[in-house]
Amino acid sequence: MPRFARILLLLVVVPAVYFFVYWLPFAFVPLEEREWVASLVSLLCAVLAGRFLWTRTASAAAARGLFAAMGSGALALGGIGFCAGFFGPLLLAPDANQGPLLGLLITGPLGFLLAACRTFPLAGRIAHRSWNLTV
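Residues numbered from 1 in each chain as written. Predicted model: local features only at pLDDT ≥ 70, side-chain atom pairs only at ≥ 80, totals over all residues. Heavy atoms only, no water.

Asker: Just to check I follow, could you spell out the packing of aromatic side chains for this structure?
Answerer: Where two aromatic rings form a pair, the distance of their centres and the angle of their planes describe that pair. Under the definition given, this model contains eight aromatic pairs. When the centroid spacing of 6.4 Å and the interplanar angle of 80 degrees are considered together, the rings of Phe19 and Phe87 count as edge-to-face. Of this pair, Phe19 sits in helix α1 (residues 3-23) while Phe87 is found in helix α3 (residues 66-92), placing the two residues 68 residues apart along the sequence. The exposure class of Phe87 is partly exposed, given its relative accessible area of 34%. Between Phe20 and Phe82 the ring centres are 6.2 Å apart and the planes differ by 90 degrees, which places this aromatic pair in the edge-to-face class. (Phe/Tyr/Trp six-rings, centres within 6.5 Å; stacked < 30°, edge-to-face > 60°. Helix = DSSP H or I, 4+ residues; strand = E, 2+ residues; numbered from the N terminus. Buried < 20%, exposed > 50% of the residue type's maximum accessible area, 1.4 Å probe, protein only.)

What follows is the structure, given as structure tokens:
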């Protein structure tokens, strides 16, 4: 994948993972004086997801493997879905107070699951062709 496309992909995935991890699990945990814990855990998850995506999109050889293909595709489409659902309602309807919940609860996880489910059969077919089974 070209470097420019990888950078654009990271600019979508890293903030999406950060906001998703910051708001979804830590919304239910009361951290009155320790809000930095939520920020630190979210930043760590975002950096790890970005590093995983950067190494998996470096070359075609690095992206081989079923779980690597599923993970990178799911992170990419989940990040795009999250950003569309989170920032779209903020731009289109700024008065709606529950707009970002669309990205947190629906489009982000749905994009992640759809990409993982779609990549599984594709990666399986590619792996089956590369095995070169002869009878």
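Asker: Which parts of the structure should I look at to understand helix α2 (residues 35-56)?
Answerer: The periodicity of an α-helix, 3.6 residues per turn, causes residues three or four positions apart to be oriented the same way. An ideal rise of 1.5 Å per residue puts 32 Å on 22 residues; α2 measures up with 32 Å between its terminal C-alpha atoms. Taken as a whole, α2 has its buried residues at Ala38, Ser42, Ala46, Ala49, Gly50 and Leu53. Down the axis, α2 shows its buried residues gathered within 100 degrees of arc, on one side only. In α2, the exposed positions that point more than 90 degrees away from the buried face belong to Trp36, Leu40, Leu44 and Arg51. (Expected span 1.5 Å × (residues − 1). Arc of directions from axis to C-beta.)

Asker: Help me understand the nonpolar core in this model?
Answerer: One broad trend across soluble globular proteins is that nonpolar side chains are buried collectively. Membership of the largest hydrophobic core is limited to 10 residues, which are Leu9, Leu10, Val13, Val17, Val21, Ala46, Ala49, Leu53, Leu75 and Ala76. Sorting the residues of this core by element identifies α1, α2 and α3 as the ones contributing at least two each. When neighbours within four sequence positions are excluded, Val21 is seen to be in contact with Phe26, Val41, Ser42 and Cys45. (Core = buried A, V, L, I, M, F, W, Y, C linked by side-chain atoms within 4.5 Å. Contact = heavy atoms within 4.5 Å.)

Asker: Teacher, can you tell me more about the side chain of Arg6 here?
Answerer: With respect to the secondary-structure elements, Arg6 resides in helix α1. Buried Arg6, no salt bridge; nearest opposite-charge side chain is Glu35, N-O distance 33 Å. (Lys, Arg positive; Asp, Glu negative; His and termini not counted. Salt bridge = Lys/Arg side-chain N within 4 Å of Asp/Glu carboxyl O.)

Asker: What should I look at first to understand a nonpolar patch on the surface in this one?
Answerer: A cluster of nonpolar residues, Leu77, Ile80, Leu101, Leu102, Leu105, Ile106, Leu110 and Leu114, forms a patch on the protein surface that exposes about 700 Å² of accessible area. Looking at the nonpolar patch, the elements that each hand over two or more residues are α3 and α4 (100-131). With six residues, α4 is the largest single contributor of residues to the nonpolar patch. (Patch = residues over 30% accessible without salt bridge, like charges linked within 9 Å, V, L, I, M, F, W, Y side chains within 5 Å. Areas by Shrake-Rupley, 256 points an atom, 1.4 Å probe, with all protein chains shown as cover.)

Asker: It is not clear to me how the environment of Cys83 should be interpreted in this structure. Could you clarify?
Answerer: With respect to the helices and strands, Cys83 occurs in helix α3. The class of Cys83 is buried, set by a relative accessible area of 18%. Measuring from C-alpha to C-alpha, the distance between Cys83 and Pro100 comes to 9.2 Å, with 17 residues separating the pair along the chain. In this view, Cys83 contacts Val12, Ala16 and Gly88; residues no more than four positions away in its chain are not counted.

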